[in-house]
Structures are given as structure tokens and as C-alpha cells.
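# Close look at the chain arrangement
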Amino acid sequence: MDMRVGVIGTGLIAELAHLPGYQAAGAQIVAVADVVEERAQRVAKKFGIPETFKDYQDLLKLPEIEAVSVCVPNFLHHSIVLDALKAGKHVLVEKPMAINLSQAQEMEEAAKKAGRLLMVGFNSRFRSDVQKLRKVVEAGQLGDIYFAKTGYMRRRGYPSGWFTVKREAGGGPVVDIAIHAIDFTRYLVGSPKPVSVVASVAQKFGACPVEGDVWQSSDVREGLRDGKEFDVEDFASAWIRFDNGLVMTVETAWTANIPRDRVYSDLLGTLSGAGIDSYHSVHKKGSGHGAIDEAVEIYGETSGMVSDTLLPFRANDSHAAEIRHFLAVIQGKEEPIMSAHDGVIMQGLLDAIYQSAEKRREIVL
Ligand SMILES: NC(=O)c1ccc[n+]([C@@H]2O[C@H](COP(=O)([O-])OP(=O)(O)OC[C@H]3O[C@@H](n4cnc5c(N)ncnc54)[C@H](O)[C@@H]3O)[C@@H](O)[C@H]2O)c1
């Protein structure tokens, strides 16, 4: 796609997802910015990007850049997104949208005022299994969906550095990984509005040895930070009621004594149930989290007998699909499958999860 873009923050997600995603979509990456200049320069060299900046404001000054990705620690999303919108850029901001609801609301308002697209990095919506199941739900095949059970659980896998510091991340696995499970499950069932939440959070392990350390933040990986600070939860569970009567339960952990990492969503409908579960395929292949490549399962009835239907699918690169969609929406070639308001709704839910845990009671949204 013939568009010129910039990327702010050249850490893990920029290098693994955004930069290759833009290149795969045929966009021209004009510049990248990172406070760690050498990192920006290394990444720029790898992807053949002409300009690098230490100060993202200099990148925003380039008039030829139409859109930017914001791939920095969570507490910086709000200010950088506001600046990018003010500079007239369309923005894809990584999840979570912000670190509290009022920031997210301000960002949504700013995008409206600027007349620019603001999308949040809910890439799980673009997974091929999620897209398949969404079509089944849209066709009414599950009937009335009254219950959803979702989770994003890791056996050992906390991301160190800013991710484990409340003031920088906003929270632990709730804002880091459960956010994906909640968002794609809410999307699957037609994006109802949450109305109340009961939740509990706990820190049971904190910083503990992790095999392979795949989730380290860039600063810890490169020895610029020790990664010892840890003041967020490492486990949470929540019970969410939606305006259409649906109830969703959620569980999440960075560290848990379970057989394997698992990302799943079970939907119970009056005509059929359905399930997406990374566990079986991860187990089969022995590969990392989310390597899902088998079948969406539908549990229903045929001729008065219970029956299972398997919808096979090929796992895709959901980040690349998300970025291609972001550019297509800007160009008016596709209708958006999410809005900044979905980010705001999620932020309200995340805030309510922590409030409920702290106050030990139901929070009405
Ligand atoms: N969608 C997903 O699956 C997914 C996966 C991982 C991370 N993320 C999100 O992406 C964001 C970044 O995470 P990461 O894993 O890449 O972290 P990271 O620590 O590897 O990278 C963050 C980068 O931002 C840079 N940075 C910090 N302040 C900056 C500033 N003022 N201007 C420019 N650059 C600045 C840092 O130097 C670093 O290079 C977070 O919001 C995270 O939640 C999303």
C-alpha cells in the first residue's frame, strides 16, 4: 500500500511486528524514533529505514509521514498519541490504550477532533481462528450466547523491566495479556457493553526465573535496567457482566503451576457452543504460546444427536493482518473492525478490575 509511515519506540513489538508488518503491507517506513538512539539506528539499518530520531517530536514534524505506530511503554501512550494526533497523523497505538480511563477518553476525543484514525493494537481480533469463529457467531449458528470463559495463562513468562512496574505499565498480566483474551472474546460475541465487574488480583511469585526469558523488555535484555522492581499482580481472575446479559469469566497469570501456556475462549450458546484453545496445538507442536494451527471446535446437535464440527484453519500473523487493516481503513478501502471506543471500553474494564480487587466488591460501570 502506497503510504508513508513512522514508528515511535523500536523495542520488541516494533521490531517483531510493526516494522515487518508495514513492509509486508508495502508501506514506506520513513523514520523511527527511540530514546535509546543506538537501538533506533540498529533497527533502521535492519529494515533499511532512512531516518532515525532520539526525540519523537522530530519524527512527527515530517510532513510526508501520514501514520505512526506508537510502541513505547504504556504510561507514554497518552502523551505521545495526543502529540501525534495534533501533528495530523493517523495512529496505531499498542495495547493497552493508556493506563487509565480518563487518559483513554481524552485520546478518543482528540482523534475525533483531529479527524484522524486512532486504532488500538488488539491484534488477536485478526487471528484467523478468531475471524472464523466470528463468522460462525455472526451467522447465528450458536444461538443466544449467554456465557463466555476466557483466559491467557502462562506457566512461566513474566516480562521484566517497565512491564512489572505499576506506574509505567498500569498493571500486570491483566493489562499485558488478559486484555487480548477479553478483547477477542468480546469481539467474538458482538462487542456488548460491560456493566459490572467483580475481580481479584494477587502477587504470588513476583520476579522468578524464567526459562529462555523471551518476554524481557528491551532495556533489561540490553543490560540498561536490572528488572528487579515488581509491584504489580501476577495472577488475576474476573467475572464481567454485559448489557445483553452475557457473563464472561477471565483468568490470567504470568506465572502459574499449570501444564502449559494457554490462550482460550469457550462460548456457550443455546444452539451450539464453541471453543478456541491454544493448548492442544501448543502441546502437539511443543512450540511457544499462541501457535494455533488446527481447528475451531463447534459443539452442537445433528439429527437429535450431539455432534462436533471442526473448522480447520491456517494460523496467520495477526500483527501483519492488523497493520494491513490499519492502512486499508485510512485509505478508505476497508470498514474498521474496531474503534478507539473499543480501547476506551477496555480501559474502563481494566480500571474496574483493579478497583474491584482493591475494594473487594462489585464495581458498576
Ligand atoms: N500486541 C501485542 O501482542 C504486544 C506484545 C508486546 C508488547 N506490546 C505493547 O507494545 C508496547 C511496547 O512494548 P515492547 O515489548 O516493545 O517494549 P520494549 O521495552 O521492548 O520497547 C519499548 C521501546 O520504547 C522506547 N521508548 C521509551 N520511551 C520512549 C520515548 N519517549 N520516545 C521513543 N521511544 C521510547 C524504549 O527505549 C524501547 O525501545 C507496550 O505498550 C506493550 O504493551 C504489545
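Residues numbered from 1 in each chain as written. Predicted model: local features only at pLDDT ≥ 70, side-chain atom pairs only at ≥ 80, totals over all residues.

## Considering the sheet that holds strand 2 (residues 28–33)
Selection criterion: DSSP bridges decide pairing: two strands pair if at least two such bridges lie between them. Strands here mean DSSP runs of E at least two residues long; helices mean DSSP runs of H or I at least four residues long; both are numbered from the N terminus. Structural elements are reduced to axes, namely lines fitted to C-alpha atoms, with helices fitted over the stretch in contact, and the angle between N-to-C directions of any two is expressed from 0 to 180 degrees.
In spatial order, the strands read 3-2-1-4-5-6; together these six strands make up an open sheet with parallel pairing. Unpaired on one side and paired on the other, strand 3 (51–53) and strand 6 (118–120) mark the two borders of the sheet. Averaged over all pairs of adjacent strands, the angle between strand axes in this sheet comes to 20°, irrespective of strand direction. Judged from the five bridges that link them, strand 1 (residues 4–8) and strand 2 form a sheet pairing that is parallel. When the sheet's bridge partners are listed, Arg4 is paired in strand 2 with Gln28.

## Topic: the site of the ligand
Our working definition: Each residue receives a C-beta atom built from its backbone; the residue is near a molecule or strand if that atom lies within 6 Å of it. Residue ranges labeled as domains rest on an automatic or database domain assignment.
The environment of the ligand is formed by 26 residues, the closest being Gly9, Gly11, Glu94, Ser217 and Ser218. Put simply, the parts of the chain that give the shell around the ligand at least two residues each are helix 1 (12–24) and helix 9 (218–221). Counting residues per element, the shell around the ligand draws most heavily on helix 1, which supplies three residues. Two domains each provide a minimum of three residues to the shell around the ligand, namely domain 1 (4–123) and domain 2 (125–319 + 348–364).

## A closer look at the pairing of strand 4 (residues 67–70)
The criterion, for reference: With C-beta atoms placed from the backbone, a residue is buried if 20 or more other C-beta atoms are within 10 Å of its own, exposed if 12 or fewer are, and partly exposed between those counts. Looking down the strands as they point away from the viewer, one classifies a crossover as right-handed if the path from the first strand across the helix to the second runs clockwise.
With burial as the criterion, each face of strand 4 is covered, one bearing Ala67 and Ser69 and the other bearing Val68 and Val70. Judged from the four bridges that link them, strand 1 and strand 4 form a sheet pairing that is parallel. Residue pairing for strand 4: Gly6 is matched across the bridge by Val68. The sheet contact formed by strand 4 and strand 5 (residues 90–93) spans four bridges and is parallel. For Ser69, the partnering residue across the bridge sits in strand 5 and is Leu92. The parallel pair strand 4 and strand 5 is bridged by helix 4 (residues 77–86), and the resulting crossover is right-handed.

## Observations regarding the sheet that holds strand 11 (residues 262–269)
Keep this limit in mind: Distance between backbone-placed C-beta atoms decides contact: two residues are in contact if it is within 7 Å.
An order of 14-13-12-11-7-10-9-8-15 is seen for the nine strands of this open sheet, with the pairing classed as mixed. Among the strands making up the open sheet, the edge pair consists of strand 14 (305–312) and strand 15 (363–364). Direction of pairing for strand 7 (residues 145–153) relative to strand 10 (residues 247–253): parallel, over a ladder of seven bridges. Counted as the bridge partner of Gly151 is Glu251 from strand 10. Across the face of the sheet, helix 6 (residues 128–138) comes into contact with strand 7, strand 12 (273–277), strand 13 (295–302) and strand 14 while running at roughly 175° to strand 12.

## Things to note about the confidence of the model for the chain
Rules: Each residue carries a pLDDT score, the predictor's confidence in it, ranging from 0 to 100.
In the predicted model, the chain carries a mean pLDDT of 93, and the fraction of residues at 70 or more is 94%. This stretch, residues 280–292, has a pLDDT under 50; its non-local contacts, to residues over four places away or in other chains, come to 22 contacts.

## Points about helix 4
Looking at helix 4, one finds that the buried residues are His77, His78, Ile80, Val81, Ala84 and Leu85. Where helix 4 is buried, its residues contact strand 1, helix 3 (56–60), strand 4, strand 5, helix 5 (101–114) and strand 6. Just downstream of helix 4 lies Gly88, where phi reads positive at about 85°.

## Let's talk about the environment of Ala14
Mapping Ala14 onto the fold places it in helix 1. The exposure class assigned to Ala14 is buried, which follows from the 27 C-beta atoms found within 10 Å. Here the alpha-carbon distance between Ala14 and Cys71, two residues 57 residues apart in the chain, equals 6.1 Å. Once residues lying within four places of it in the same chain are set aside, the contact partners of Ala14 are Val7, Gly9, Leu19, Val43, Ser69 and Cys71.

## Some remarks on the domain arrangement of the chain
How we decide: Amino acids are sorted into nonpolar (Ala, Val, Leu, Ile, Met, Phe, Trp, Tyr, Cys and Pro), charged (Asp, Glu, Lys and Arg) and polar (every other residue, Gly among them).
As assigned here, the chain comprises domain 1 (4–123) and domain 2 (125–319 + 348–364). The interface of domain 1 with domain 2 comprises 15 residues on the first partner and 17 residues on the second. Sort the elements by how many residues they give to the side of domain 1 that touches domain 2 and helix 1 lands first, with three residues. Tallied by class, residues from the side of domain 1 that touches domain 2 come to eight nonpolar, five polar and two charged.

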